[in-house]
Structures are given as C-alpha cells and as structure tokens.
Amino acid sequence: RPVTTDMKTLTEEIEKFAEGKKIEIDTLKIREEYRKDFLGNVSHELKTPLFTVQGYILTLLDGAMKDKKLREKYLQRASKGVERLIYIVKDLDLITKLEVGGLKLERTDFNIIELIQNIFDLLEMKAAQKEITLTFDMEYENPIYVNADREKIQQVISNLLVNSIKYGSPNGTTEVSVENLIKNKVIVRVTDNGEGIPKQHIPRLFERFYRVDQSGSRSEGGSGLGLAIVKHIIEAHGEKIYVESEEGVGSEFSFTLEKRRTNLPEQH
Ligand code: ADP
C-alpha cells in the first residue's frame, strides 16, 4: 500500500475511513491542524539561528579565515549559534514528549529546599552577569519533602528562574519561597521585580512559542517554549500553576506540589 504524502489525499482518506464517526474525525482534524501549526513554528524558530551560523561560516570562507582575530571572533559566534540550536532542539524534544504524553513521571520523595539551593548554585553566574541577586527565604532551614519527579521539577524551577534573570532589571532581585498549604500541599513561588508582563498577554503566556516581545526574547536566547514546558510538567503532576504580573513592577509565578505522604519513613 503506497505511503500517502499529499496532505489533501491523506485528509480524504481519513474522512473515508472515519465515515459516520463524527467525533473521531473532528479529533483527527484538530490533531492535523495542530501538527501543521507546530511544524510551521518549528521551522520558523530554527531558521534564524541557522542563517546566522551560515552567515559566519560564509564570511570565514570569504577570507575572514586568514585573519586570526576575525577567525576566532566568527568561530565563537558560529559556536554560540549552534549552542542555541541545540538548546531549541532539546526544548522541542521535551515539549513533543510532554504533549504526546510519552513522558512518564518518576515520582520520589525529595527535599525541595535542597533542590532549590542546587539550582541557585547552577544559575548564580548567569544571574551575576545580569546583576541580579537570587534570594531564598532562609526561614526554611528545615527540609520540606515533596512527592514529585525531581528532575522535572528542577526543570520547572530552572525555567522560571532563567526567565526572571532574562526579563529582570539590572540590580534586580528574584526571590524563591516555599510555603506549606493546607491539604498536604506546598506552594513554590518565584518572584521578580523585573519588566513585568502587560495584562493582555497573560492569558496566552503558557502557549508554546508565545512571546510578549519577539525580538527581546530571541536575543536572550529563548526558544519560546519555557513556560509551555513548565505548565505541562506541573499539570502532569496534577498540580496548578499561577501567574501574577504587573508591567514595570514585576512578576510572580507559583505552583503547587504534593507533600511526601507522612506514613513513609523519614528520608535524609
Ligand atoms: P522565552 O523566554 O524563551 O521567550 P517562555 O515560554 O519561557 O519563552 O516565556 C514566554 C514569554 O513570557 C517570554 O518571551 C516573555 O515575554 C514572558 N516572560 C516569561 N517570564 C517572564 C518574567 N519573569 N518577566 C517578564 N516576562 C516574562
């Protein structure tokens, strides 16, 4: 049976196959629309860094290679462009897995306070480069154990912190806090005093590839997928994510997590 590559034929085939099954065909159509839209976005995202890298390579081939200083400069820039492509492809890979539900959560009990401290250590340099201070509410010297996928929650907190650094004001501060809630839950808050988000953009913030300022985000090396990934991970845990923001004042992203079930033995 020949493989169908033509989209129109494919849609017709699907329709024939699903004759009478109204609900199923609607789902298929939505999926098809979604796929087309996704592919369009992906090629658009990859185009800019690819052309940039190609530009540096062509300049090198065009003679810049003979000059040691220029050679280094352009190779460094080409390398940065490739780094960016890798970053985008990694995010794309993750979002695809999250959206098709192919990513299983590996829940364990872990100390969220320790995890946040580790992430701070990893991001300290990046924050310092933008003159942003990362602070942690030190009232929480005692461990707080949650039940979640540690690696994925690390990704969530990192994405939120990286954003607060990217969109923060120089000499700004980002504070992380963890608070106990009723019903065996905790809430993690990431608060910055950066540029904030205009009201009209807030409802769409967690859509993939959605950005408030296209050029600003791209020059900061964003893939436009950070918050979509965050939302998927939190919802896969059965939890909620919230955002409050005011333009020129700052933003607060917060999410809930389940505490460790108390009948389990103490872990250190
Ligand atoms: P990216 O940062 O790669 O563009 P994200 O999905 O992480 O993609 O964020 C989407 C958009 O939300 C960003 O482009 C930015 O406009 C806005 N945004 C996210 N976090 C913040 C923040 N802490 N302060 C201000 N704007 C933010």
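Going by the structure above, here's the rest.
Now for a description of the structure that goes with this document. Treat the numbers as computed from the prediction; the structure is a model and nothing was measured. (Residues numbered from 1 in each chain as written. Predicted model: local features only at pLDDT ≥ 70, side-chain atom pairs only at ≥ 80, totals over all residues. Heavy atoms only, no water.)

## Focus: the overall build of the chain
Check the secondary structure of the chain and you find 7 helices and 7 strands. Classification of the 268 residues of the chain by burial places 40% in the buried group. Of the contacts made within the chain by residues no fewer than 6 positions apart, 72% connect residues no fewer than 24 positions apart. Summed over its atoms, the accessible surface of the chain is roughly 16500 Å², and 54% of this surface lies on carbon and sulfur atoms. (Helix = DSSP H or I, 4+ residues; strand = E, 2+ residues; numbered from the N terminus. Buried < 20%, exposed > 50% of the residue type's maximum accessible area, 1.4 Å probe, protein only. Contact = heavy atoms within 4.5 Å. Areas by Shrake-Rupley, 256 points an atom, 1.4 Å probe, with all protein chains shown as cover.)

## Notes on the pattern of salt bridges
Enumeration according to the criterion identifies 11 salt bridges in this entry. One salt bridge connects Glu-252 with Arg-189, and the closest N-O pair in it is separated by 3.3 Å. Of the two residues, Glu-252 is situated in strand β7 (residues 250-258) and Arg-189 in strand β5 (residues 185-192); the sequence distance between them amounts to 63 residues. The closest approach of N and O atoms between Glu-207 and Arg-204, which form a salt bridge, is 2.9 Å. A network of salt bridges, in which partner residues are shared, links Glu-179, Arg-189 and Glu-252. (Salt bridge = Lys/Arg side-chain N within 4 Å of Asp/Glu carboxyl O.)

## Quick word on helix α5 (residues 150-166)
Given 3.6 residues per helical turn, the α-helix brings residues three or four places apart onto the same face. In this model, α5 (17 residues) spans 24 Å end to end at C-alpha, consistent with the 24 Å of a helix rising 1.5 Å per residue. Taking burial as the measure, the 17 residues of α5 include 13 buried ones, the bulk of the element. The backbone nitrogen of Glu-151 has a side-chain oxygen 3.3 Å away, supplied by the residue at the start of α5, namely Asp-149. (Expected span 1.5 Å × (residues − 1). Polar contact = N/O pair within 3.5 Å; in protein donor to acceptor, adjacent residues only side chain to side chain.)

## Re the side chain of Asn-159
When you line up the elements, Asn-159 lands in helix α5. Residue Asn-159 is classed as buried on the basis of its relative accessible area, which comes to 14%. Within the structure, the side chain of Asn-159 is placed 3.2 Å from the backbone oxygen of Gly-226, a separation counted as a polar contact. If we skip the residues at most four places from it in the chain, Asn-159 touches Gly-226, Ile-229 and Val-230.

## Topic: a nonpolar patch on the surface
The grouping of Ile-57, Leu-58, Leu-61 and Met-65 at the surface amounts to a nonpolar patch, some 390 Å² of accessible area in total. Inspection of the secondary structure puts Leu-58 in helix α2 (residues 22-61). (Patch = residues over 30% accessible without salt bridge, like charges linked within 9 Å, V, L, I, M, F, W, Y side chains within 5 Å.)

## Details of the pairing of β7
When you tally the buried positions in β7, you get 7 out of 9 residues, the bulk of the element. Sheet topology note: the β5/β7 ladder contains 8 bridges and is antiparallel. Counterpart to Asp-192 in the pairing with β7 is Ser-251. The pairing of strand β6 (residues 241-246) with β7 spans 6 bridges and is antiparallel. Note that in β7 the partner of Glu-244 across the bridge is Glu-252. (Pairing = 2+ DSSP bridges.)

## A few points about the nonpolar core
If you look at the biggest cluster of nonpolar residues, it comprises 51 residues, and the most contacted ones within it are Ile-112, Ile-153, Ile-157, Leu-161 and Phe-255. By residue number, the principal contributor to this core is helix α4 (residues 112-129), which donates 8 residues. Every residue in contact with Phe-255, bar those within four places of it in the chain, is listed here: Val-156, Ile-157, Leu-160, Val-186, Ile-187, Val-188, Ile-234, Lys-240 and Ile-241. Of all hydrophobic cores here, the second largest spans 6 residues; its members include Tyr-56, Leu-60, Tyr-74 and Ala-78. (Core = buried A, V, L, I, M, F, W, Y, C linked by side-chain atoms within 4.5 Å.)

## Examining the sheet that holds β7
Spatially, the 5 strands line up as an open sheet ordered β2-β4-β5-β7-β6, and their pairing is mixed. At either margin of the open sheet sits one strand with a lone partner, and together these are β2 (133-136) and β6. With direction set aside, neighbouring strand axes in the sheet form an average angle of 15 degrees. Packing of α4 onto the sheet brings it into contact with β2, β4 (173-181), β5 and β7, and relative to β2 it is tilted by some 170 degrees. (Axes fitted to C-alpha atoms, helices over the stretch in contact; angles between N-to-C directions.)

## Let's talk about the environment of Thr-96
On the secondary structure map, Thr-96 appears in helix α3 (residues 68-99). Accessibility expressed as a relative area gives 35% for Thr-96, which makes it partly exposed. Separated by 133 residues in sequence, Thr-96 and Ile-229 have C-alpha atoms that sit 9.6 Å apart.

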